[in-house]
Amino acid sequence: MGHDFKSQVFLPMFRIPSYAQWLETEADLTPTFHYVKRVLKLLQWRCPPTRWRLKNPSYSQFIAELDAVFPDARYCMTHRDIVDVLPSVTDLYGEMSRGNTDNLDRSWLGEITTRNCEQGLQAMLAFRAIGNEQRFHDIYFSAFQADPLGEVARLYAFLGDELTEQTRAQMVAWRFDTPRDKHGRHEYDADELGLDVAALRARFRFYADRFGSKPATGR
């Protein structure tokens with residue numbers, strides 16, 4: 001997507017509000033996804049996969065254009081509390097921005113992060129509502145933390161893939177060897193990032209009403 005100059009990756013790199021506005025409201029991503037498909041074919045032409053598995057949160061904003069190019073796609077949508085996700089992403093954007101500016105504008109990063117997330121979720125809900133619900137598998141963060149292998153097994157079943165005992169054992173080994181906070185804990189504060197928790201909950205109430213009483217975000 002970046003090679004076609006239509007990507008969220010540029011938002012934290014450079015503070016260009018006009019580009020952000022264009023990407024959100026005017027850019028046509030259909031040619032971009034055709035290019036994505038072409039590059040995937042080029043990268044894997046010697047060993048073609050039986051199925052591509054892609055992970056990119058920004059796809060949510062452009063789900064209709066994505067579907068036009070990949071009409072047989074199925075989707076796994078993950079969900080987590082909005083007040084955990086947005087500060088985390090904003091903080092990450094801040095780290096990405098540091099090398100390009102002497103005046104880091106956290107409020108700008110917080111706003112574009114929130115705006116992108118809101119637009120993506122609105123687009124996803126609208127897309128699901130027009131007859132695409134059966135193409136989605138939902139995974140909630142709390143459920144995954146409580147029973148990760150059970151959630152993975154349900155995802156494999158949705159995809160029609162076999163979860164072998166070897167694969168299951170490798171997942172267990174990885175989880176044992178990679179405990180939470182293995183490399184330390186990174187702290188950040190929503191207020192310092194210009195994000196108001198109460199305002200976020202109100203802004204994303206439409207999403208909480210669809211997926212449960214607790215506001216959450218899924219990309």
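Residues numbered from 1 in each chain as written. Predicted model: local features only at pLDDT ≥ 70, side-chain atom pairs only at ≥ 80, totals over all residues. Heavy atoms only, no water.

Asker: Could you clarify how one ought to interpret the overall build of the protein chain in this entry?
Answerer: The helix and strand tally for the protein chain stands at 11 helices and 2 strands. The helix and strand sequence of the protein chain, counted from the amino end, reads α-α-α-α-β-α-α-β-α-α-α-α-α. Its C-alpha radius of gyration of 19 Å places the protein chain within 12% of the 17 Å reference for a compact globule of 219 residues. Counting only C-alpha atoms and orienting by the principal axes, one finds that the protein chain spans roughly 50 × 40 × 35 Å. For the protein chain, the residues scored as buried account for 37% of the 219 residues in total. A separation of at least 24 residues holds for 70% of the contacts in the protein chain among residues at least 6 apart in sequence. Summed over its atoms, the accessible surface of the protein chain is roughly 13200 Å², and 54% of this surface lies on carbon and sulfur atoms. In the protein chain, the 28 positive side-chain charges and the 30 negative ones have mean positions that sit 5 Å from each other. (Helix = DSSP H or I, 4+ residues; strand = E, 2+ residues; numbered from the N terminus. Rg over C-alpha atoms; globule rule 2.2 N^0.38 Å. Buried < 20%, exposed > 50% of the residue type's maximum accessible area, 1.4 Å probe, protein only. Contact = heavy atoms within 4.5 Å. Areas by Shrake-Rupley, 256 points an atom, 1.4 Å probe, with all protein chains shown as cover. Lys, Arg positive; Asp, Glu negative; His and termini not counted. Charge placed at Lys NZ, Arg CZ, Asp CG, Glu CD.)

Asker: Is there a simple way to think about helix 6 (residues 106–129) in this case?
Answerer: Residues separated by three or four positions in an α-helix point in the same direction, a consequence of the helix having 3.6 residues per turn. For helix 6, spanning 24 residues, the distance from its first C-alpha to its last is 35 Å, which sits close to the expected 34 Å at 1.5 Å a residue. Of the residues trailing helix 6, Gly131 is marked for its positive phi of about 100 degrees. (Expected span 1.5 Å × (residues − 1).)

Asker: Please explain the packing of helix 5 (residues 82–97) against helix 6 as it appears in this structure.
Answerer: Packed helices, taken two at a time, are described by their axes: the angle between them and the distance between them. For the pair helix 5 and helix 6, interaxial distance at closest approach is 9 Å and the crossing angle is 130 degrees. Considered as vectors, helix 5 and helix 6 are oriented oblique to each other. Pair helix 5 / helix 6 crosses with right-handed handedness. On helix 6, the residues touching Ile82, Leu86, Val89, Thr90, Asp91, Tyr93, Gly94 and Ser97 of helix 5 are Arg106, Leu109, Gly110, Ile112, Thr113, Thr114 and Cys117. Its residues assigned to classes, the contact of helix 5 with helix 6 shows 7 nonpolar, 6 polar and 2 charged. (Axes fitted to C-alpha atoms, helices over the stretch in contact; angles between N-to-C directions. Parallel < 35°, antiparallel > 145°, perpendicular 65-115°, else oblique. Left-handed = near helix turned anticlockwise from the far one by under 90°. Nonpolar A, V, L, I, M, F, W, Y, C, P; charged D, E, K, R; others polar.)

Asker: Whenever I open this one, the packing of helix 8 (residues 148–159) against helix 9 (residues 165–177) confuses me. Can you help?
Answerer: Between helix 8 and helix 9, the least distance of the axes is 11 Å, while the angle of their chain directions is 140 degrees. Here helix 8 and helix 9 pass one another in a crossing that is right-handed. Judged by residue contacts, Pro148, Leu149, Val152, Ala153 and Tyr156 of helix 8 engage Thr167, Arg168, Met171, Val172 and Arg175 from helix 9. In terms of residue class, the contact of helix 8 with helix 9 is made up of 7 nonpolar, 1 polar and 2 charged.

Asker: Even after reading the chapter, I still don't get a nonpolar patch on the surface, so can you show me in this structure?
Answerer: Taken together, Val9, Leu92 and Met96 make up a surface patch of nonpolar side chains, about 230 Å² in accessible area. Among the secondary structure elements, Val9 is positioned in the segment before helix 1 (10–13). (Patch = residues over 30% accessible without salt bridge, like charges linked within 9 Å, V, L, I, M, F, W, Y side chains within 5 Å. Salt bridge = Lys/Arg side-chain N within 4 Å of Asp/Glu carboxyl O.)

Asker: What should I look at first to understand the side chain of Thr114 in this one?
Answerer: In this structure, Thr114 sits in helix 6. A polar contact is formed between the side chain of Thr114 and the backbone oxygen of Gly110, at a distance of 2.8 Å. If near-sequence neighbours (up to four positions away) are discounted, Thr114 is found in contact with Leu86, Leu195, Leu200, Arg203 and Phe204. (Polar contact = N/O pair within 3.5 Å; in protein donor to acceptor, adjacent residues only side chain to side chain.)

Asker: Before we go on, may I ask you to explain unusual backbone geometry in this structure?
Answerer: Negative phi characterises most residues that are not glycine, and trans characterises most peptide bonds. You will see that Phe5, though not glycine, has its phi angle at about 60 degrees, which is positive. Classification of Phe5 by relative accessible area gives exposed; the value is 58%.

Asker: Looking at this structure, I do not really get the packing of aromatic side chains. What am I missing?
Answerer: Two aromatic rings, taken as a pair, are described by how far apart their centres are and by the angle between their planes. Enumeration over the complete set of coordinates arrives at 10 aromatic pairs. Geometrically, the ring pair formed by Phe5 and Phe10 is stacked, given 6.1 Å between the ring centres and 15 degrees between the ring planes. Taking relative accessible area as the criterion, Phe10 reaches 19% and is therefore assigned buried. One aromatic cluster is present, formed by Phe5, Phe10, Tyr19 and Trp22 through successive ring pairs. Over the face of the ring belonging to Trp108 we find Arg15, whose NZ or CZ atom lies 5.0 Å from the ring centre. (Phe/Tyr/Trp six-rings, centres within 6.5 Å; stacked < 30°, edge-to-face > 60°. Lys NZ or Arg CZ within 6 Å of the ring centre and 35° of its normal.)

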